[in-house]
Structure formats: structure tokens, C-alpha cells
Protein chains: 2
Amino acid sequence: GNNVKTTIAKVGNYVEQEVTIGAWLANKRSSGKIAFLQLRDGTGFIQGVVVKAEVGEEAFQAAKNLTQESSLYVTGTVRADDRAPSGYELTVTKVEVIHEATDYPITPKEHGTEFLMDHRHLWLRSKRQHAVMKVRNEIIRATYEFFNQNDFSKVDPPILTGSAPEGTTELFATKYFDEDAYLSQSGQLYMEAAAMALGRVFSFGPTFRAEKSKTRRHLIEFWMIEPEMAFVEFDESLEIQEQYVSYLAKSVLENCQLELKTLGRDTEKLEKVQAPFPRISYDDAITFLHEKGFDDIKWGDDFGAPHETAIAEHYDKPVFITHYPTSLKPFYMQPDANREDVVLCADLIAPEGYGEIIGGSERIHSYELLEQRINEHNLSLDTYQWYLDLRKYGSVPHSGFGLGLERTVAWLSGVEHVRESIPFPRLLNRLYP
Amino acid sequence: GNNVKTTIAKVGNYVEQEVTIGAWLANKRSSGKIAFLQLRDGTGFIQGVVVKAEVGEEAFQAAKNLTQESSLYVTGTVRADDRAPSGYELTVTKVEVIHEATDYPITPKEHGTEFLMDHRHLWLRSKRQHAVMKVRNEIIRATYEFFNQNDFSKVDPPILTGSAPEGTTELFATKYFDEDAYLSQSGQLYMEAAAMALGRVFSFGPTFRAEKSKTRRHLIEFWMIEPEMAFVEFDESLEIQEQYVSYLAKSVLENCQLELKTLGRDTEKLEKVQAPFPRISYDDAITFLHEKGFDDIKWGDDFGAPHETAIAEHYDKPVFITHYPTSLKPFYMQPDANREDVVLCADLIAPEGYGEIIGGSERIHSYELLEQRINEHNLSLDTYQWYLDLRKYGSVPHSGFGLGLERTVAWLSGVEHVRESIPFPRLLNRLYP
Ligand SMILES: [Mg+2]
Ligand SMILES: [Mg+2]
């Protein structure tokens, strides 16, 4: 007929009108006279109500016999309904089956994680996974909006690099014609070069760590946002970070209300995520941990997940841990002017045990100091010549940071494991699908 | 003092006020009494005018002796000036040098391409390269805006995959713990799975082709935007493509006026890039080429760059070449219902010799046909089981396409070679910097 073709997300524009939607059957239940179809179309979920007395015996039976994940064009009248999660329902007048699914493997019953991961290409269709992907999309959208509004340019650093940074054991290597190449673990050094050309830049791309860890916070392939800012010193960088993370939380709260409900996310906790965030120095964090009874850590040691969680639990916002010992951090961080043994760096620890979501620092601006650090770390001056050049030709104070997308998605969505926060996770024994 | 700190892009907000800007010296010239500093800060370029009589002998000499690419905080009064490209000039009152550069290698004289590519980390600072990066940034910004406005979700397909698609010679391989893995050449198959979960999706990520070609259109590592749309058939997909590309051209025209001027881009040509775009079938394109005197091509052959250019020159907009022979295209394309020997596909050829910027098609929706094609192409059914599943559980008509970012940047910027359209190009013999 002449119905409007629309999507579930947009039915609110057509109340009391007849619309047609391309959809899949997510679930159903029925009595003798009425069938309730849980429909999904990728933009959302809606209940379609099929009343035998209105559609006739044949259409009613067809609707009743629809199998899970069959695809269909469904026509019906949009009704406002306060009891519906989305606020709308569809009084179905016609169902046209496109393709009948048989034996869809993911049924409403419980499935084991490995089974679901093997069927990730289908698992993504479920209400919960759909909601996580929508939150992820919103975080990405808000990231671009935030950095565009703040005059950052998007810069894409290379993925394939010819030089292996420190600790090559966690690098993926490949043959680049006759040379050896490695998959990027961070675009930061390139972003520093870009910042000297474009002022404020941010990247958004995949990074790779061949780590043999199997924790709920680790992925082999994950996405990072890496801003780098010329003429920005340590304190201003922290301000930009807390504004950015607050913007993400606010955007998700505003634009993913239904999804957060689906996920059972405690939104009161997210509402507290507003700049400024607390700051605690590494020194004070060590003292705090000792006071809390941790006797497995001393000054100079890195924090483990239990330490980060204990510190994070003391606050109801993300917390910056600042001024780590120089020996714990990479070669390029600017030392504190008053104390040689710590650097102008900060990790941002998310609340609720989600761990570190940002690592950042001011970068060394002195050529001599950077050269010294490269030598101390047994890195090759040849490899880093271009990076040293940035301190040779108009060096300026600059800072940057990297936010891990999947940990941020997991935190804001409230999902337990980062494997659910990326469409197709790559894990220690998982390269399929 | 109490000056406003701002950026060159924003000086228009401070006309006749004193501001301070962190900047680099791009170039300079001077007479006995007046020095003209070409300043850049990443957001733009501005001329600083230093008058001896106003700043005094010492400050004037310091400004006159500034070396290229030295970094400085410059303070001055913003003047509107119609002769300036940006419309503003700075009457300098104070110069504070941050770091003095010596012997900056890229001087205003001509340099060879290899030299410039070896210094890509510095070359990006030049006015022309800066302009190309700004156009690239605008294309990325407009891409997100377009797809967000049209209800697409951003989905990041995996880069590391366990299965080698057709033609493994052009794949980069790596060891994934005990398994073999390959770098993605396209996220399309994963985007199809995502479209069945989220309706309309788009990706934006790096792709890799270990091609031994050295043309002005090829990069080893390049970025693609790959939208995939459930319930969208061939014709509607073409409409979305022409709207998207028109949106990119319009956005660049509106928001990169200065950059297009710097690049000497003929903007009249870009103003014509408005939907709808012409369509020519592969059949008609072959006939057209024969009429133009090409005797090196017959039905069933793929087009080379000269053929594409000859066809493109016939139009003043991008042109879709549609309905290619099935044998020329990948296994997953939907055949034309009326003709088994051609598929529902289209390549979009940019004007002015920039070549193919989009490849797309409707995808096969029948399980049986897809299985047959996988067998015909000697691919493994095991590897593609998850992809076949999409046709087993609620298959729907769907289409998608991939736009090559660097070719699009090169075209809209008017730069000759794609190597200038990406921050750090990866070429046959180029993995540095
Ligand atoms: Mg840490
Ligand atoms: Mg082609």
C-alpha cells in the first residue's frame, strides 16, 4: 500500500498512522486470540500486537507460527503506550515474511560464554548486546563532537611501523615486502609530530597488544582515542581529559536512556561523573593503600587491579593518579621540575572497578633529555631521529593522552567484561568469527 | 600581561584587541624598519608585523633574527585586513622565543619528493600539506555527521582475521599466538553481520594491501569508510552514495575555503558535485570506449586507469559504472534478476582522473547461491560459516559500499598523488617515518 516506510526508532513521528517496517522477530508469545511479536529492526525494539479478530484466521496463524529471527515486513498502526519501554506499540494489520529462520541457535534460555562468542555475529542481535553497541556508538559520536567543538583535527597515525618500541614481546610482527614491520601499540609519537603541524589533534584507531592475559579488562585488539596538544601543559591536559570524560557520560545519559535501562545500568552513578575529577599523587596513593592494609606494595611498584580498585572505591568519580615514579613510565614523559624521580603523568581510574581508562602525560621538550632517555632505555637513536627532530625545530610544551574505548564502553554500559564492548573481540584464543 | 590567549583561527573574535598566540615562524622578510613574520600555530597562518619604531631596537632585532620554525609566544593587536588571505593581521608588540630552531631542513626552495617524504613529520607543517590535512579532517568530520544524521551506527570491524580471503598474495600475515592471522583488506563481511543487528552501520578504519604497485592512486595502508544497510536494495544504495559524496564536496567547499585557495583548487568543478550522479552500465561503457577508439578492451575485461579516466572525462560529476560482469567481481555480489552474467554493483569514478572512489553492491541474500559461489571460488565453507549464517537466520536484501578516504581527499584537494592525502603514507619502499 501507500504506507510510510520507517524504522522503530522513528515511529513516534507516526502515532495513529499506518507504517511499514522491515524487521526481525526477536521473540513472541500468544494466546488463542492475540499474539505479541517482539520486533527488532536494528534501530530499536517494539511490540507488535496481532489480534485474530482483526487480521483474520490465516494471517493470525502465520504470525503465531513465525520463528525466532525470521525477517519480515510488518505493517501496523502506531499507538502511544506508556507501559512500553520505548513508549509505543504497533497494532499489526499485515505481516509479509521475507525469510523464515529455522533453529536459530541463540534461544531465550541461558547459553555459555564460549557458545555466545562462537556466535558473536548473531549474539549482536540480542537486546543486551544491541544496547552495548548503541552505547559504544554514542561514545564514538560524542568523541568526534567534543574534539570538533574544541578545534582538534582528526589525524590517523600509521598502523604499520618499521620500528619496534620497548618490549617487543607484545608486538605483532609482519613482513613488509623485504622489511620487518610491526602493528602499532599507540600512535602517540606520530600524533606529537601532527600536533606540531596542526596544533590540537586526536586519533581514533585500532591498537594491538599480543599480551597473554585473560582478564576482564584486556583485549588483543582494541580501539584508542589519542589526543595530542601543542602548547598545553600538564594541568590543562587534565582539565581537557575530565571535560572529555564528563562529556561522554553526559552524552550517554542523554541519548541512550533506553539502552541503559535495558542494561540495568545504575544511572545515578553516571550522573556524578562531572568535572572536576579528584587528583591523588602516586605518593599519597601508596600511603592510602598502606593505611587500607595493603602490605604487598611499596614506593616504586606499579599498581595492580586490586590497588586501582581500592583507590577508585574511595571516590564516586573517576580519579587521576598523578606523578608516578619515572622508572615505571615510558621514556618520553616530562619530569616534574621540582622532583627528578617522578614524571608529569596521570592515569585516570574509572569507578566501580573498571580500571584505568586514560593514561597521559606532558612530553619531554628538551632534545638533550629525550636523547638521554632514549639511550638509557637502549632504544635506537636512528629509529627515533624523526621523533627527536620535533625537539630540534621549534620544540614547545605539549601533552597528550590515550583513552581506551572498550574499557570506557564497559564502564558506562555497566558490562562486566570488555569482550562485550567491541563488535568482534580478539582474545587470547579467539580469532573467530 | 592579561592578554587573551587564543589561536590564529579565532583572532576574528578579537579585532583591535591584544592577544597572545603560541606559534612557529613559517617564514619572514624584513626591511630596515619593519619585519613581516609569517606565523603558524596549527589552526592557521597569519602575518605578524613588527615595526622598529614601536617595539624598540632590541625587540626588533630579535624578531628579525628569528629562524624558520622557531617556536614563540607572540603578542599583538589584531587588525582586520582585506589583503590578508585570512582577513587579519597582527601588529606585534612582544615576541617571547620558546625554542630557537637551527637549520630547519625544509626551506622555501624546491625539494625532491623522496627528501620531503623522509621528512614527512616536518613536511606536514608546510602550508600546502597543512591544507590537505585540514581537508582530510573536514571529510572525516562530514562523514560522521552524514551517517549520524542518517541513523547509521558506527561499527568497528576487526583488523586481525583468521581467514585469508581470495588472493592471499596481497595480504599481510602475522602470527596470532599459535594461529595464522591476516590484516583486514575490508571489514565488509563483518559489517553485513552488524547490519543485521543494527540496521544501518558504517565503519571507518585502516585497511591493508600488500600490492607491489607504485601508482599515484595506491597506498599500502589506507583508510576506508564502509557502510552496510539492511533492507536497502541496489538503487537506494546508489542514492545514499551520491548523497554522501555530494555532502562531502559541499562540506569541504563551505568549511575549507582558505585551504582550497592555498591548494589552488578549481572550486567550480567541486560545485558541480551534486546528486544525482550519472549512471552508465558496464555494457554501455564498453561501447563508449570502442567509439572513443579504445581497441584494447572487450566485454569481460576490467577497466584500467585510462579507461576509467576516458569515461569520467565525459561527465562533470562522479559517474557510476554499474552491472559489471559477474566474473570480474567478488563472490558475494547479488546477480541481476534479469541477467545472470552481471551483478548489481557499481563503481563510482571521480572526475579529473582521480579514479574509483567507491565500490559497492547489493549482497547475495540466498543461502544456496552464496554457498554455490563460495564453492566456485574455492573458498572454505568452514571459514565462511558465520557469514553464511546471515542468510540462514532472517536473510534480508542488503547493500553496502566502501569509499577510499585518501583518493577522496586527493580528489577534493586537487593533489596529484595519494601519498599527500594521508599523514604518514605507507608505500612500496616507505615505512619511515
Ligand atoms: Mg597503570
Ligand atoms: Mg574497479
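### Let's talk about the sheet that holds strand E18 (residues 355-362) of chain A
All names here are of chain A. Read from one edge to the other, the open sheet built from 8 strands follows the order E7-E11-E12-E19-E18-E17-E14-E13, with strand pairing classed as mixed. Sheet topology places strand E7 (153-154) and strand E13 (279-281) at the edges, where each strand pairs with a single neighbour. Alignment of strand E12 (residues 221-230) against strand E19 (residues 398-404), held across 5 bridges, turns out to be antiparallel. Residue pairing in the sheet places Met224 in a bridge with Gly404 of E19. Sitting on the sheet, helix H10 (residues 282-291) touches E13 and strand E14 (319-322), and the angle it makes with E13 is about 85 degrees.

### Comments concerning the packing of aromatic side chains
What the rule picks out here adds up to 59 aromatic pairs over all chains. Between the aromatic rings of Tyr244(A) and Phe401(A), the centroid separation amounts to 6.4 Å while the plane-to-plane angle is 45 degrees, which identifies the pairing as tilted. Separated by 157 residues along the polypeptide, Tyr244(A) in helix H7 (residues 234-255) and Phe401(A) in strand E19 bring together distant segments of the chain. For Tyr244(A), a relative accessible area of 0% gives the class buried. Using a relative accessible area of 1% as the deciding quantity, one classes Phe401(A) as buried. Each ring, one from Phe331(B) and one from Tyr332(B), has its centre 5.4 Å from the other, and the planes form 75 degrees; the classification is edge-to-face. You'll find Phe331(B) and Tyr332(B) in the same group, each marked buried. In this structure, Lys127(B) packs its charged tip against the face of Phe45(B), placed 5.2 Å from the ring centre. Sitting above the plane of the Tyr354(B) ring, Arg216(B) keeps its charged end 5.4 Å from the centroid.

### What to know about the pairing of E18(A)
Residues and elements named next belong to chain A. Within E18, 6 of the 8 residues are buried, which leaves the element mostly enclosed by the surrounding structure. Here 6 bridges tie strand E17 (residues 345-350) to E18, and the two strands are oriented antiparallel to one another. Opposite Asp347, over in E18, you have Gly359 as the bridge partner. Hairpin connection between E17 and E18: a loop of 4 residues separates the two successive antiparallel strands, and Glu352 in this loop has a positive phi of roughly 60 degrees. Of the pairings in the sheet, the one linking E18 to E19 comprises 5 bridges and is antiparallel in character. Bridge assignment links Ile358 to a residue of E19, and that residue is Leu403.

### Here we look at the domain arrangement of chain A
Residues and elements named next belong to chain A. Each domain of chain A was delimited in the assignment, giving domain 1 (4-99) and domain 2 (120-421). Computed over C-alpha atoms, the centres of domain 1 and domain 2 are 44 Å apart. Of the residues lining the interface, 9 residues belong to domain 1; the matching set on domain 2 comes to 7 residues. Note on domain 1 versus domain 2: buried area summed over both sides is about 630 Å², and carbon and sulfur give 58% of it. Between domain 1 and domain 2 we count 1 salt bridge in total. Here Glu69 and Arg125 are joined by a salt bridge, their closest N and O atoms 2.9 Å apart. Applying the counting criterion to the domain 1 and domain 2 interface returns 2 residue pairs in polar contact (both at pLDDT 80 or more). By residue class, the composition of the side of domain 1 that touches domain 2 is 3 nonpolar, 4 polar and 2 charged.

### Considerations on the relation of the copies chain A and chain B
The two copies are related by a screw motion: chain A maps onto chain B through a turn of 180 degrees and a shift of 0.0 Å along the axis, at an RMSD of 0.0 Å. Between the two chains, the operation in question is that of a two-fold axis. Across chain A, the rotation axis passes nearest the C-alpha of Thr174(A), at a separation of 2.5 Å.

### What to know about the environment of Pro108(A)
Residue and element names in this part refer to chain A. As for its position among the elements, Pro108 is in the loop between strand E6 (88-99) and helix H3 (113-118). For Pro108, a relative accessible area of 65% gives the class exposed. In the structure, Pro108 is positioned 82 residues away from Ala26 in sequence and 9.3 Å away in space, judged by C-alpha atoms.

### A closer look at the interface of chain A and chain B
Often, the extent of an interface is quoted as the loss of accessible area on bringing the components together. Between chain A and chain B, the residue contacts involve 98 residues of the former and 98 residues of the latter. Together, the buried faces of chain A and chain B total about 7,500 Å²; carbon and sulfur atoms form 63% of this surface. Considering only the side of chain A, the residues that lose the most area to chain B are Phe177(A), Tyr393(A) and Leu431(A), jointly responsible for 11% of the buried surface there. Along the contact surface separating chain A from chain B lie 4 salt bridges. Residue Asp151(A) is joined to Lys10(B) by a salt bridge in which the shortest nitrogen-to-oxygen separation is 2.7 Å. Counting across the interface, chain A meets chain B through 43 residue pairs in polar contact (both at pLDDT 80 or more). No other element matches the 9 residues that helix H5 (residues 127-149) of chain A contributes to the side of chain A that touches chain B. Tallied by class, residues from the side of chain A that touches chain B come to 52 nonpolar, 21 polar and 25 charged.

Definitions and cut-offs
Residues numbered from 1 in each chain as written. Chains lettered and ligands numbered in written order. Predicted model: local features only at pLDDT ≥ 70, side-chain atom pairs only at ≥ 80, totals over all residues. Heavy atoms only, no water. Pairing = 2+ DSSP bridges. Helix = DSSP H or I, 4+ residues; strand = E, 2+ residues; numbered from the N terminus. Contact = heavy atoms within 4.5 Å. Axes fitted to C-alpha atoms, helices over the stretch in contact; angles between N-to-C directions. Phe/Tyr/Trp six-rings, centres within 6.5 Å; stacked < 30°, edge-to-face > 60°. Buried < 20%, exposed > 50% of the residue type's maximum accessible area, 1.4 Å probe, protein only. Lys NZ or Arg CZ within 6 Å of the ring centre and 35° of its normal. Domains from an automatic or database assignment. Buried area = accessible area lost by both parts, 1.4 Å probe. Salt bridge = Lys/Arg side-chain N within 4 Å of Asp/Glu carboxyl O. Polar contact = N/O pair within 3.5 Å; in protein donor to acceptor, adjacent residues only side chain to side chain. Nonpolar A, V, L, I, M, F, W, Y, C, P; charged D, E, K, R; others polar. Least-squares fit on C-alpha atoms with pLDDT ≥ 70 in both.

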